[in-house]
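As a plain string of letters, each chain reads:
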Amino acid sequence: MQSVFPIGLPWPTLMYLFLYIVTLIIHVVFMNYVLAGSWYLVSMSLFERRKPDQTPSLVAGTLREWLPFMLSAAITAGIAPLLFVQILYKRNFYTANLLAFHRWMAILPVLIAAFYLLYIWKAKRVQAWPRYFTFPLGLLTFAGFAFIAWSWTENHLLSINAGVWAEHYATGNWMYKSREVLPRLAVWFAGSFPTLALVLGWQLWYLQRDVPDHETVGRHRMSMLALAGLVTSAVAAALYAVAIPPEVREAITGYMGWPYVFLAGSGWGVQFASWLQVRRSARLEKIWLTTASVGLLMTLTGAAMIREIIRWFRMDEKVLFPLHKQAAEVGGLSIFLLFFVVNAALCVYCVIRVRRGLRRES
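Rules used throughout
- Residues numbered from 1 in each chain as written.
- Predicted model: local features only at pLDDT ≥ 70, side-chain atom pairs only at ≥ 80, totals over all residues.
- Heavy atoms only, no water.
- Core = buried A, V, L, I, M, F, W, Y, C linked by side-chain atoms within 4.5 Å.
- Buried < 20%, exposed > 50% of the residue type's maximum accessible area, 1.4 Å probe, protein only.
- Helix = DSSP H or I, 4+ residues; strand = E, 2+ residues; numbered from the N terminus.
- Contact = heavy atoms within 4.5 Å.
- Salt bridge = Lys/Arg side-chain N within 4 Å of Asp/Glu carboxyl O.
- Polar contact = N/O pair within 3.5 Å; in protein donor to acceptor, adjacent residues only side chain to side chain.
- Patch = residues over 30% accessible without salt bridge, like charges linked within 9 Å, V, L, I, M, F, W, Y side chains within 5 Å.
- Areas by Shrake-Rupley, 256 points an atom, 1.4 Å probe, with all protein chains shown as cover.
- Disulfide = S-S within 2.5 Å.
- Phe/Tyr/Trp six-rings, centres within 6.5 Å; stacked < 30°, edge-to-face > 60°.

Caption draft 1: Examining the nonpolar core more closely. Phe5, Tyr33, Leu63, Tyr89, Met222 and Trp275 are the most contacted members of the largest nonpolar core, which has 82 residues in total. A per-element tally of this core places helix α1 (residues 11–47) first, with 17 residues. Among all residues touching tyrosine 33, those that are not within four sequence positions of it are Ser38, Thr62, Leu63, Trp66, Leu67, Met70, Leu196, Val199, Leu200 and Gln203.

Caption draft 2: Structural detail: the pattern of salt bridges. Scanning all chains against the criterion turns up five salt bridges. Between arginine 314 and glutamate 180 there is a salt bridge, with the nearest N and O atoms lying 3.2 Å from each other. Of this pair, arginine 314 sits in the loop between α14 (286–312) and α15 (317–330) while glutamate 180 sits in the loop between α9 (165–171) and α10 (181–207), and the two are 134 residues apart along the sequence. Assessed through its relative accessible area of 5%, glutamate 180 is described here as buried. One salt bridge in this structure joins glutamate 308 and arginine 311, with 3.1 Å as the shortest N-O distance. Of the two residues, glutamate 308 and arginine 311 both sit in helix α14, three residues apart, roughly one turn of that helix. Across the pair, exposure class does not vary: glutamate 308 and arginine 311 are buried alike.

Caption draft 3: Molecular detail of unusual backbone geometry. In this model, phenylalanine 5 is joined to proline 6 through a cis peptide bond whose omega is 5°. One can find proline 6 in the segment before α1.

Caption draft 4: Structural context of the environment of asparagine 161. With respect to the helices, strands and loops of the structure, asparagine 161 is situated in the loop between α8 (131–159) and α9. In contact with asparagine 161, other than residues within four places in its own chain, are Tyr176 and Arg314. A polar side-chain atom of asparagine 161 sits 3.2 Å from a polar atom in the side chain of arginine 314.

Caption draft 5: Here's a closer look at a nonpolar patch on the surface. On the surface, a cluster of nonpolar side chains totalling about 450 Å² of accessible area is made up of Phe18, Val22, Ile26, Phe340 and Val341. Every element with two or more residues in the nonpolar patch is listed here: α1 and α16 (333–361). Among the secondary structure elements, phenylalanine 18 is positioned in helix α1.

Caption draft 6: Just the side chain of histidine 156, in detail. If you trace the backbone, histidine 156 turns up in helix α8. In contact with histidine 156, not counting residues within four places along its chain, are Arg184, Arg307 and Arg311.

Caption draft 7: The state of the cysteines, seen in detail. On inspection of all chains with the given rule, the structure shows zero disulfides. Summary of cysteine pairing: cysteine 350 is not part of a disulfide, and the nearest cysteine sulfur, belonging to cysteine 347, is at 6.6 Å.

Caption draft 8: Representation of the packing of aromatic side chains. Inspection of every chain in the model, using the stated rule, returns 16 aromatic pairs. Ring centres of phenylalanine 5 and tryptophan 312 lie 6.0 Å apart, and the angle between their planes is 55°; this geometry places the pair in the tilted category. Remark: tryptophan 312 occurs in helix α14 and phenylalanine 5 occurs in the segment before α1; sequence separation between them is 307 residues. In this pair, the class of phenylalanine 5 matches that of tryptophan 312, namely buried. Here the aromatic rings of phenylalanine 115 and tyrosine 119 are separated by 5.4 Å at their centres, their planes lie at 65°, and the arrangement is edge-to-face. Highlighted residues: phenylalanine 115 and tyrosine 119, both in helix α6 (residues 107–122), separated by four residues, approximately one helical turn.

That's the geometry; what it means functionally is another story.
Now the structure itself:
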């Protein structure tokens, strides 16, 4: 391919790739909230000075209330990209799953345990416990999500490195060791904090009309989380660029990926400038949250496309194209789109009902 990715690909491949990217970005927003949010609560439970009879800060209280819902949303939103990745990269995805074996299947029990731990963690009775009880509980919850993120990173890298499959199978290893694992995981982990800060920022913006002015100190924490996450993710991205093979790096910065590097970098700059304005403002203002949202969407879209270029560069197009064409001829897309619209409408309806109920209670 001697043009900007994915120009020149057959329409079935383009269609599935487009649907995969869109649904993946939706999933990433919820996933980032859970991963970064659980880490934030763990760190606050260790360093924040609070008496047992005091109420938690606005940020911590909002996180504890919303984390179980956000995890449910992340799981639900992850179904669609999981289906599309199986269509796009069937052989590679299934092979990596089989090679990882029990290590890969451990995701399910860990996810279930972490889900229930979130509900235990948010219970008011549990929050009244001493710190030496609540901190290990929170740390165990975060460790579950970190394990899942690590497992997905290993699985993804194993799936795109077909040259190591035979050796990996012969050794019987359940873990895939690569110089790309840690920097790639660092990129996604650090990048989760600007997303958390933005979603929390919108939540606090909505709540601040009912909260005294001094409670809007949450905007300072959100801006610091976002700015620190942006800087750290940029450093991690540079390290990851060094870790990937030179030919892949040249494709990203060259003809295939330069628009997406520019898009992600521009979004990074928009976010950074927006959060600086949030930090300087007296209150959370809608305009800066909106510009930060635009910047985040730009960065996520650019990063998602770069991610696929790295994967696509190591794939055999001659094998993939016929499979995509065959899948497109089977049908079912109209049914998928119908239920996508119906489920999205139901989610919006539930949010509106809950919002109205909370208003009546207040």
